[in-house]
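# Close look at the chain arrangement
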Amino acid sequence: MKITTIEWKNNKIKFIDQTKLPQKLEYIYIDKLNDLWQAIKMLKVRGAPALGAAAALGVYLGIKDVKAKDFNAFIRALDKAARYIAGSRPTARNLFWGLERARRVAQKNKDKSLLTLKKLILKEARKIIAEDRLNCRRLAGYGSKLIRDKDTILTICNAGILATIDYGTALGVIYRAKEEGKGIKVFACETRPLLQGSRLSAWELKKRGIDVTVICDNMAASLMQQGKINKVIAGADRIAANGDTANKIGTYSLAVLSKYHNIPFYIAAPASTFDFNVQSGKDIPIEERNSREVSELLFRKRVAPAGVKVFNPAFDVTPHNLISAIITDKGVILQPYRENIKRTLGQVLRKR
Ligand code: MRU
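Rules of the game
- Per chain, residue numbering runs from 1 following the sequence as it is written.
- Only residues with pLDDT of at least 70 get local features here, since the model is predicted, and only at 80 or more are side-chain atom pairs given and counted; chain-wide, interface and lining totals rely on the full set of residues.
- Only heavy atoms go into the side-chain values, all of them from the structure, while hydrogens and water stay out.
- Nearness here has a simple test: a residue counts as near a molecule or strand if at least one of its heavy atoms is within 4 Å of that partner.
- Within 3.5 Å is the distance limit for a polar contact, defined as a pair of N or O atoms, with the added protein rule that one can donate a hydrogen and the other accept it, and that residues adjacent in sequence qualify only through two side-chain atoms.
- Residue exposure ignores everything except the shown protein chains as possible cover, and the areas themselves are Shrake-Rupley values with a 1.4 Å probe.
- Working definition: helices are DSSP H or I runs of at least four residues, strands are E runs of at least two. Numbering for both runs from the N terminus.
- In this count, Pro and Cys sit with the nonpolar residues alongside Ala, Val, Leu, Ile, Met, Phe, Trp and Tyr, while Asp, Glu, Lys and Arg are called charged and the others, Gly among them, polar.
- Each domain span listed reflects an automatic or database assignment of domains.
- A pair is scored as a salt bridge if a Lys or Arg side-chain nitrogen falls within 4 Å of a carboxyl oxygen belonging to Asp or Glu.
- Any residue under 20% of the maximum accessible area for its type is buried, any over 50% is exposed, and the rest in between are partly exposed; the area is computed with a 1.4 Å probe on protein chains only.
- At least two bridges found by DSSP between two strands is the condition for calling them paired.
- We call two residues in contact whenever any of their non-hydrogen atoms come within 4.5 Å of each other.
- Note on geometry: axes are C-alpha line fits, over the in-contact stretch for helices, and angles between N-to-C directions span 0 to 180 degrees.

## Remarks on the site of the ligand
In the region of the ligand, 16 residues are neighbours, and R46, A48, R89, N247 and K248 sit closest. A48 places a polar main-chain atom, nitrogen or oxygen, 2.9 Å from an oxygen atom of the ligand. Bound to the protein, the ligand loses 100% of the 420 Å² it would expose on its own. Elements with a contribution of two residues or more to the shell around the ligand: helix 2 (48-63) and strand 9 (245-248). In the shell around the ligand, the residues fall into seven nonpolar, five polar and four charged. Among the domains, domain 1 (6-136) and domain 2 (146-351) are the pair contributing at least three residues each to the shell around the ligand.

See the structure below:
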């Protein structure tokens, strides 16, 4: 299966509408910034690395028709677009990283013409896309070394093709292990409330010929107790300097369960998900989403009484001491994380 989650095509952002899966594989074309904002908010495009690409392309949408008389006016327009995009979802580091990359290109080329600046920003956004294809495969190469033939792996949410450009992080590790001839079974937590596990991960794993079984989130403990899980691999939305990791709500419970059952718990994420400005997980902003996601089943059927209070945080933070290793595109990082993250990624992050 060869699909691309998000790309620049015919002067528009083309991406898969992930709210339509698994029923329909449908693409959307967008050339207006507010349409992109809505699409991000509604999770039509989602997953940290895909959001990085969307954000940079969004900056281009925001400035492509700007008629600035000088660089200062141009950068003001760019910052306005970037602030707007930044307000869509707060947790994934990659989204902000995508915005920063676009801005940095503009700053570095402030002496160039308006037309050239615009072209360079689009070029940078497309570079992010090209890099993600490579980085996910690199990450998968490192990660697959941790996977044994006949492993049964538990995952949550979707950290696959649909969360990146075309390969995935946590699921990329599984794809690579399969390409190497390892027999892998996967249990996918359905991932309430929006079911990224059953709708998206199960869809792409099945298409790639992986033996996948969907479970409700509250079945994970029992499976572990029965010895049915050898490894857990999850993606990440933001990783603090000490290794604390924000990912889809429910990831923390899997980490606690893994510790209790002595099962390796891995996080897979590219360098662009790390945030050196955040020292620990308690400073990672956690998105709280619309209560209807919980009180209704996919906005279709009410499953909680009208007017009842609902709490809907989209992410939780797994403390670094529960993480067996962090698989990145620069190698596998082990504890102690603060030192080893700096050693492995310091140079990459400083260059930003
Ligand atoms: O709310 P979502 O669907 O954007 O949440 C996504 C996740 O939690 C993923 O695990 C994370 O972004 C990593 S994607 C490679």
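## Brief notes about the pattern of salt bridges
In total, this model carries 24 salt bridges according to the counting rule given. As a salt-bridge pair, D79 and R103 come within 2.7 Å of each other at their nearest N and O atoms. Of this pair, D79 sits in helix 3 (residues 71-86) while R103 is found in helix 4 (residues 93-108), placing the two residues 24 residues apart along the sequence. With a relative accessible area of 29%, R103 lands in the partly exposed category. Across the pair R292 and E296 runs a salt bridge, and its minimum N-O distance is 3.0 Å. Among the charged side chains, a network of salt bridges with common partners joins D17, K20, K24 and E26.

## Section: the sheet that holds strand 8 (residues 238-240)
Taken together, the four strands give an open sheet; going across it, the order is 11-8-9-14, and neighbouring strands pair in mixed fashion. Both edges of this open sheet fall to strand 11 (274-275) and strand 14 (315-318), since each of them pairs with a single strand only. Bridge count between strand 9 and strand 14: four bridges; the pairing is antiparallel. Each bridged residue has a counterpart across the sheet, and for N247 the counterpart in strand 14 is D316. Set on the sheet, helix 9 (residues 251-261) makes contact with strand 9 and strand 14; between it and strand 14 the angle comes to about 30°.

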